[in-house]
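# Summary of the model geometry
Read off the chains here:
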Amino acid sequence: MHASEIRSRFLKFFEKNGHAIRPSASLVPGDDPTLLFVNAGMVPFKRIFLGQDRAEFGPRYTTSQKCVRAGGKHNDLEQVGHTARHQTFFEMLGNFSFGDYFKRDAITFAWKFVTEELKLDPKLLRVSVFHEDQEARDLWKEIAGLPDSRIYGLGARDNFWQMAETGPCGPCSEIFVDVAHIAEDWVFPEGATGEWTELDRKEFSLDAFVEGTEAGRFLEFWNLVFMQFDRQEDGQLNPLPKPSVDTGMGLERISGVMQGVTNNFHIDLFAPILDKVAEVVGIEYRGRESNEKYEHIFKGAGKGERSAAVKTGGKLLVEPASFRVIADHARSVAFLLADGVFPSNEGRGYVLRRILRRAVRHAWLLGRAAPTLSAVVETVIDTMGADYPELTQRRSHIVETTKAEEERFLATIDGGMKRFEELAPIASTQGSTELRGTISGEDAFRLYDTFGFPIDLTELMARERNYTVDIPGFERALEGQRNQSKEERKTRKLGVGADELADKWSVAQNGNGASAEIAAREAPATSFVGYKSVDVTSEVVALRRLSDGRVALMLSETPFYAESGGQVSDAGEIRGDGWTLPVEEVRKIDGRIAVVGKPEGEVVFGPARARVPRRTRLDTERNHTATHLLHAALRATLGEHVHQAGSLVAPDRLRFDFTHHGPMKPEEIATVENSVNSGILEAVGLRTEEKAYAEAVSTGAMALFGEKYGDVVRVVTIPGLSVELCGGTHVRNTSEIGIFRILSETGVAAGVRRIEAATGRRAFEYIKQRETELEQIQELTRAPAGQTVKRVQALAEEKRTLEKRLQESVKGGGDNQVRTLVDGARSVDGIRIIAATVQAPDLKTLQALGDSLREQIKSGVAVIAASFDEGKNSLVAVITDDLRERGLRADLLLREVAAVAGGKGGGKPHMAQAGIPDSAKIPDALAAVESVVRSHIASAK
């Protein structure tokens, strides 16, 4: 039975039994900061189980939920490929009862589906229960007819589930199948003995069952969780008023059972993906025959060991694990990209990058030094896109992002592997388990920082060669890198924290001037009226005096917008009887809007006038509505893969980050700008309305990745142009925007671009400024009207001619400088060293001199310095190839030399450059060259 049929039968079975079929939620939990990814079927319904949300579609749900376990507490990344059933991406079939049915119906549904729909032989099935749950044991005996001997009571570690240390929890019951009688490829582990290995035995003791489960003979494939208690802080279990059910059955695991294989990677879901891997790498996948390494002729193998594929006499020893890693990781990469996760160096993006690079490395081990995963994710899209349309909708984005990340990593992997070879060389005796050494934290960090190797990838490779990694040392090096950004954050003016505003609010009592102290959540409700008015008469209903002399207050009705969805908070002022409060911050605290500022006079309860400057608000509204038009124009111009990845809407500008690979072409920027201005000139009236979230999304409203939405959402529609979920403020008609101008288009991260733009007055000012600059250029170049461009082109050509002549002149003198420097080189331990100041008009010429020295010095090191006309000072260091092979590097050497003069620099192993802030300190730096070289020679030995 194919996996797709199992999925379909499961959902239809539970639909017939009163369950609402719900689509899979995004892999990114929208309202759970404790999780990186959705890692179980119940995660999307966690708030319902906790009683924080209501089940909109009835008390019974069923789903096929996509899950990823590759980060945080649940991390299966390193086991993938090496075991039969670990995957980073999998589908979890589940049925859920939110205070409706309980153990009896849950057990009945499970048994009927397994024995009637899947037609598994009841004789091959066994179950486990929590050893104290006699009710579940009795129900299995009654409903399934199972004898006591096939119902195993296990402890809390295996059969008691809880969401956290406190809160909802309850006993579990699991269903097992005897794989030895189902899977054609089942074999007992070598040397296995005991009761659990007897094929003809009908009954097994508890100990034999546990042993057989650990060895994989008795396979757990369905877990029923009975949430019936509320665990208190003291450990006491109080019965829940509405016991609930949460079940989970892995689609890949049950597919293996139904298809008679012990390895999840050999089910139909993986077959086309593994075939694609084999096609791309040019090696047949023979993992279905054996888990042992097998030889493959590969004439293009590079130097050195490729870990899972060791070159031996012109052949590669290939591990099936590498194929499986690539196949599994291709699924995770495709689905994570489809759900809006982008490769980065933090959080979810970092996990995605780790997964992607691990797959690239395994392709590299198979001899593939070109993008591989991008072709494999296309097969994932082709085979799974019908069931998960987001894959098809974002195909180009998924493929292009994957390919760009692969190319980025492949550009450094050879250099990184060469460095790794030096740090952890192959043992002369293969198969030894003896610990051979430790990779220092600094070296591990250099692999991370310079070559892009995630630390867990370095750890994995180190383990393969019996090395350890100094993780504390790596963390210290990483922390050192972060110090600069931390210092920058410290210098920023930080606002008052939400926790500081959580309690100690004063509210008036009885109208007699008395007040009471309460928490923010107990304060009177505040209403945002800023959509319609920026100048309102309201009333101060809560006060909080802060330690820095400022005051926080709440108004019954407020026009002040609190920063959200990229739109910045409003500024303005509030005036009361004898006092004025300039509004510096606007915060949302427990659903209430509070403003903060330093008052003039004594703020008191009662009437107050609140005002947001109309001109400032209108500028913000122009930019926010233009952002919606820009988003639509980008998708129309570049493709449906474009999605918002961040934004800033302020009165003076807008910034929009979006998913796209590579810089936009000038003509694309022009098309987008023209499209937005066309929407402005059409004078389209905006429409806003509130809808249920599910209804809004189903009718085409765009929800943004990473944003948290409530049950009821605000939909902003620009008819014919854009429909988005948005709580921000907008113009009434697009004509109010006036004009839109793109100021810049740049890259901010892998696969993420940024547009900065202006509207209204700011755009007009920008255009006027450019006109003024053009007039000044026309005057400076003395160009006739309309001939400025031609005049500038002529001057540029003249400049190039003069530069060429100057370069030729300098080159002639440069040869003399090179000969003089080489003749005057000092010898240290047989190495020639040059450290001198030279004449050069610019850095490019200085580098050319360095190249000439490197060619003529034969074997040696040269550090040369020059000061240029614009007041800049530079050092250039070069090292000959023979010394680089001995471990000396120009970039590392120059870093120490430049530091003597307070400079910084970098470069490549054969040539590096650094800036020196003070030319007077150049002699000190040059004087240090010899001692630094001696130090590096000693280290290299």
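Residues numbered from 1 in each chain as written. Predicted model: local features only at pLDDT ≥ 70, side-chain atom pairs only at ≥ 80, totals over all residues. Heavy atoms only, no water.

Turning next to the overall build of the protein. Across its full length, the protein carries 26 helices and 40 strands. Looking at the protein as a whole, 49% of its 941 residues are labelled buried. When contacts within the protein are restricted to residue pairs at least 6 apart in sequence, long-range pairs at least 24 apart make up 68% of them. Total accessible area on the protein is roughly 44000 Å²; 47% of this is exposed by carbon and sulfur atoms. (Helix = DSSP H or I, 4+ residues; strand = E, 2+ residues; numbered from the N terminus. Buried < 20%, exposed > 50% of the residue type's maximum accessible area, 1.4 Å probe, protein only. Contact = heavy atoms within 4.5 Å. Areas by Shrake-Rupley, 256 points an atom, 1.4 Å probe, with all protein chains shown as cover.)

Taken together, the four bridges between strand β5 (residues 89–97) and strand β11 (residues 237–250) define a ladder with antiparallel strand orientation. Bridge pairing links Ser-97 to Val-245 in β11. Pairing analysis gives eight bridges linking strand β10 (residues 218–231) to β11, with the strands arranged antiparallel. Directly across from Phe-226, in β11, lies its bridge partner Val-245. (Pairing = 2+ DSSP bridges.)

On to the side chain of Gln-228, then. Considering the arrangement of structural elements, one finds Gln-228 in strand β10. According to the relative accessible area criterion, Gln-228 is buried, its value standing at 15%. With residues near it in sequence (within four places) discarded, Gln-228 still touches Phe-102, Lys-103, Cys-169, Gly-170, Pro-171, Asn-238, Pro-239, Leu-240 and Pro-243.

Moving on, we get to the nonpolar core. Looking at soluble globular proteins, one finds that nonpolar side chains tend to be buried together. Grouped together as the largest cluster of nonpolar side chains are 128 residues, with contacts concentrated most on Trp-140, Phe-221, Trp-222, Ile-254 and Phe-323. With eleven residues, helix α9 (residues 320–338) is the largest single contributor of residues to this core. Apart from residues lying up to four places away in sequence, Ile-254 is in contact with Ile-6, Leu-118, Leu-120, Phe-221 and Met-249. In terms of nonpolar packing, the next biggest core, distinct from the first, is built from 27 residues, Ile-831, Leu-875, Leu-926 and Ile-937 among them. (Core = buried A, V, L, I, M, F, W, Y, C linked by side-chain atoms within 4.5 Å.)

In this structure the tally under the stated criterion is 55 salt bridges. Here Glu-602 makes a salt bridge to Arg-545, at a shortest N to O gap of 3.3 Å. Placement of Glu-602 in the loop between β26 (592–597) and β27 (606–611) and of Arg-545 in strand β20 (residues 535–545) is noted, with a sequence separation of 57 residues between them. Arg-617 is paired through a salt bridge with Glu-621; the nearest N and O atoms lie 3.9 Å apart. Taken together, the residues span about one helical turn, with Arg-617 and Glu-621 both in helix α17 (residues 614–638) at a distance of four residues. With relative accessibility at 3%, the residue Glu-621 sits in the buried group. Salt bridges here are not isolated pairs; linked through shared partners, they connect Arg-419, Glu-422, Glu-442, Asp-443 and Arg-446. (Salt bridge = Lys/Arg side-chain N within 4 Å of Asp/Glu carboxyl O.)

Right, let's talk about the packing of aromatic side chains for a bit. Each aromatic ring pair is summarised here by two numbers: the centre-to-centre distance and the angle between the ring planes. One pass over the structure, following the stated rule, counts 36 aromatic pairs. Relative to Trp-222, the ring of Phe-113 lies with its centre 6.1 Å away and its plane at 85°, an arrangement referred to as edge-to-face. One end of the pair, Phe-113, is in helix α3 (residues 103–117); the other, Trp-222, is in strand β10, with 109 residues separating them in the sequence. The pair Phe-113 / Trp-222 is uniform in exposure class, with both members buried. Members of the aromatic cluster, joined through ring pairs, are Phe-10, Phe-13, Phe-14, Tyr-101, Phe-109, Phe-113 and Trp-222. The ring of Phe-57 has Arg-22 sitting right over it, with the charged end atom 3.7 Å from the ring centre. A cation over an aromatic ring shows up here: Arg-714 above the ring of Tyr-531, its NZ or CZ 3.7 Å from the ring centre. (Phe/Tyr/Trp six-rings, centres within 6.5 Å; stacked < 30°, edge-to-face > 60°. Lys NZ or Arg CZ within 6 Å of the ring centre and 35° of its normal.)

This part is about the sheet that holds strand β37 (residues 860–867). Taken together, six strands build an open sheet; the order of strands is β35-β36-β37-β38-β40-β39 and the sheet is mixed. Strands with a single pairing partner mark the edges of an open sheet, and in this sheet they are β35 (826–828) and β39 (904–907). Put simply, the sheet's adjacent strands are angled 20° from each other on average, direction ignored. Pairing geometry for strand β38 (residues 873–879) and strand β40 (residues 911–915), over five bridges, is antiparallel. Residue pairing for β40: Leu-875 is matched across the bridge by Ala-914. Helix-sheet contacts for helix α26 (residues 929–940) involve β35, β36 (831–837) and β37, and the interaxial angle to β36 is about 150°. (Axes fitted to C-alpha atoms, helices over the stretch in contact; angles between N-to-C directions.)

Turning to the packing of helix α10 (residues 347–365) against helix α15 (residues 455–464), a few remarks are in order. Between α10 and α15, whose axes approach to 9 Å, the crossing angle comes to 35°. Residues Tyr-350, Arg-354, Arg-358 and Arg-361 of α10 form the contact with α15, whose own contacting residues are Ile-455, Asp-456, Leu-457, Leu-460, Met-461 and Glu-464. Within the contact of α10 with α15, the residues separate by chemical class into five nonpolar, no polar and five charged. (Nonpolar A, V, L, I, M, F, W, Y, C, P; charged D, E, K, R; others polar.)

Here we have three strands laid out as an open sheet, ordered β30-β31-β32, and antiparallel in their pairing. Since the sheet does not close on itself, it has two edges, and those belong to β30 (687–692) and β32 (722–725), each with one partner. Geometrically, the sheet is characterised by an average inter-axis angle of 25° between neighbouring strands, direction not taken into account. In the sheet, β30 pairs with strand β31 (residues 712–718) via six bridges, with the strands oriented antiparallel. In the strand pairing of β31, Lys-691 is matched with Val-713.

Attention now goes to the packing of α9 against α10. Packing of α9 against α10 brings their axes to within 9 Å, and their N-to-C directions diverge by 150°. The angle between α9 and α10 falls in the class roughly antiparallel. α10 is crossed by α9, and the crossing has left-handed handedness. Of the residues in α10, those in contact with Ser-322, Val-325, Ile-326, His-329, Ser-332, Val-333, Leu-336 and Leu-337 of α9 are Leu-352, Ile-355, Leu-356, Arg-358, Ala-359, His-362, Ala-363 and Leu-365. The residue inventory of the contact of α9 with α10, partitioned by class, reads eleven nonpolar, four polar and one charged. (Parallel < 35°, antiparallel > 145°, perpendicular 65-115°, else oblique. Left-handed = near helix turned anticlockwise from the far one by under 90°.)

Let us now look at unusual backbone geometry. Its identity as a non-glycine residue notwithstanding, Lys-119 has a phi of 60°, on the positive side. The residue Lys-119 is located in the loop between α3 and β6 (125–130) in this model. You will see that Asn-466, though not glycine, has its phi angle at about 65°, which is positive. Relative to the elements of secondary structure, Asn-466 occurs in the loop between α15 and β16 (467–469).

So, about α17. Taking 1.5 Å per residue as the helical rise, α17 with its 25 residues ought to reach 36 Å, and the 36 Å between its terminal C-alpha atoms agrees with that figure. Of all 25 residues in α17, 19 are buried, a share of seventy percent or more. Phi turns positive, to about 130°, at Gly-639, one or two residues after α17. (Expected span 1.5 Å × (residues − 1).)

Our focus in this paragraph is the confidence of the model for the protein. For any part of a model where pLDDT is low, the fine detail of the predicted coordinates should not be relied upon. When pLDDT is averaged along the protein, the result is 86; 90% of the residues meet or exceed 70. The model gives residues 299–314 a pLDDT under 50, and that stretch makes 31 contacts with residues more than four places away or in other chains. Low pLDDT, under 50, characterises residues 484–494; the stretch is placed with two contacts to residues that sit more than four places away or in other chains. (pLDDT = per-residue confidence, 0-100.)

Checked against the element boundaries, Pro-371 lands in the loop between α10 and α11 (373–384). On the accessibility criterion, Pro-371 (21% relative accessible area) is partly exposed. Counting along the chain gives 35 residues from Pro-371 to Glu-406, while the straight-line C-alpha distance between them is 5.6 Å. With near-sequence residues (within four places) excluded, Pro-371 lies in contact with Lys-403, Glu-406, Glu-407 and Leu-410.

Of all eleven residues in helix α14 (residues 441–451), eight are buried; the element is thus mostly enclosed. Looking at α14, one finds that the buried residues are Gly-441, Asp-443, Ala-444, Phe-445, Arg-446, Leu-447, Tyr-448 and Phe-451. Gly-452 occupies a position one or two residues after α14 and carries a positive phi of about 75°.

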